[in-house]
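# A closer look at the structure
Now for the letters of each chain:
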Amino acid sequence: MGEHWPVIGHEWAVARLSKNLANGRLRHAYLFTGPESIGKTTLALALAQAVNCTSREPPCGACRSCRLIGRGGHPDVRRIAARGKGGRIRIEQVRGLQRELALKPYEGRYRVAIIEEFHKATGNAADALLKTLEEPPSHAVLILTAPSAELLLPTIVSRCQVLSLRPLPVGTVRDALRARGVDEEMADLVARLSGGRIGWALRIASQEGALERRSELVAEWFEIVGAGPIGRFAKAEALIRSVPKDELSGLLDFWESIWRDVLLAATGGLDRMANVDVGDKVAALAEKIGMDGAYRALDATRRARAQLDLNANPRLTLEVMLLSWPRAGDHHQVL
Ligand SMILES: [Zn+2]
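Remember, predicted model here, so these are calculated numbers, not experimental data.

Attention now moves to the overall build of the protein chain. Helix and strand content of the protein chain: 14 helices and 5 strands. Here the C-alpha coordinates of the protein chain stretch approximately 75 × 45 × 30 Å along the principal axes. With 335 residues in all, the protein chain has 38% of them scored as buried. Taking all contacts inside the protein chain whose residues are at least 6 apart in sequence as the whole, residues at least 24 apart take part in 70%.

See the structure below:
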């Protein structure tokens, strides 16, 4: 059931939703959880299409309703999200949504509200939405998304049917890329790098220069690991000057992924590596620093990322992290 939904992977979630719909057991509130770019909003839009589709096999993708929702122009489907980096979902946004939800659908069967990343809602906004979740209009379907249910108030979560989306298997992502004309080698690399986040994979594969930028990051990372303390500090300084503050945590995500690969190489898990194109270099490094070294570096990188998320001083945080990374180069020790 649900094979024709415009969703890659997440078959069990699609099956459950289309069963809800077919049995007349559609819920008024859903919460889709999972990591960024995994397909939560795509699934929400597909559900919005399914509930308002006018064909016998919803969502058909072809009727007026499906097409309007597909291009973001259906009068009964509204998306709200926090605005800008570090933005919150504000109570005024929730109030505006509630005013619309109170009205009968304009042309569809249901008014659908997709509220993205609801963990970014202010306390007031969450309280306001709770009222709607407690007594939703009969023609309303609310779909919330968030990285995990633990980030939301239990009173909100208990009113929703929760579907936890997991990363897709590498093979599924690779096949989806291949089906879009990406060549085999590239599809395999991007699928592995994606960690099963299909939205990320599709974006990277379609972005001019995105993979080149990543290759530069890989080369830079090997340089840093090979440098002595002074070289590393110089690099840290340069990075802070060149990388915008809100992109630092993405950079650390990347470093985390490559240290995870070193650890995998050191523990014999080569086949599960993400950065397959530099597999030999990663394996050589793993040989040099061993499992302990790889683990220490991975741990230091994770901690640094967590601290940056808490607004720690970037320069200090990176310096502490770089000092904890094992030395792997043949440089002459200066300090
Ligand atoms: Zn349709």
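Continuing now.
Angle between the axes and distance between the axes: these two values describe a pair of packed helices. At their nearest, the axes of helix α12 (residues 245-266) and helix α13 (residues 279-309) sit 7 Å apart, and the two run at 150° to each other. By the angle between their axes, α12 is roughly antiparallel relative to α13. Read as a crossing pair, α12 and α13 show a hand that is left-handed. For the contact of α12 with α13, the per-class residue count stands at 19 nonpolar, 3 polar and 7 charged.

Partitioning the protein chain into domains gives domain 1 (11-164) and domain 2 (208-324). Summarising the inter-unit geometry, the C-alpha centres of domain 1 and domain 2 are found 37 Å apart.

Trans peptide bonds make up most of the peptide bonds, and negative phi angles are found at most residues other than glycine. Here the residue pair P58 and P59 is connected by a cis peptide bond, since its omega of -10° sits within 30 degrees of zero. The residue P59 is located in the loop between α2 (40-52) and α3 (64-70) in this model. One non-glycine residue with positive phi stands out, namely S37, at about 65°. Tracing the sequence through the fold places S37 in the loop between β1 (29-33) and α2. A positive phi is found at E117, a non-glycine position, where the angle reads about 50°. For E117, a count of 20 C-beta atoms within 10 Å puts it in the buried group.

The strand order across the open sheet built from 5 strands is β2-β3-β4-β1-β5, with neighbouring strands paired in parallel fashion. What marks the edges here is a single partner per strand, and that holds for β2 (77-80) and β5 (161-164). In this sheet, adjacent strand axes meet at a mean angle of 15° when their direction is disregarded. Contacts from α2 reach β1, β2, β3 (111-115) and β4 (140-146), with the element oriented near 170° to β4.

Thresholds, definitions, all that
Residues numbered from 1 in each chain as written. Predicted model: local features only at pLDDT ≥ 70, side-chain atom pairs only at ≥ 80, totals over all residues. Helix = DSSP H or I, 4+ residues; strand = E, 2+ residues; numbered from the N terminus. Buried ≥ 20, exposed ≤ 12 C-beta atoms within 10 Å, placed from the backbone. Contact = placed C-beta atoms within 7 Å. Axes fitted to C-alpha atoms, helices over the stretch in contact; angles between N-to-C directions. Parallel < 35°, antiparallel > 145°, perpendicular 65-115°, else oblique. Left-handed = near helix turned anticlockwise from the far one by under 90°. Nonpolar A, V, L, I, M, F, W, Y, C, P; charged D, E, K, R; others polar. Domains from an automatic or database assignment. Pairing = 2+ DSSP bridges.

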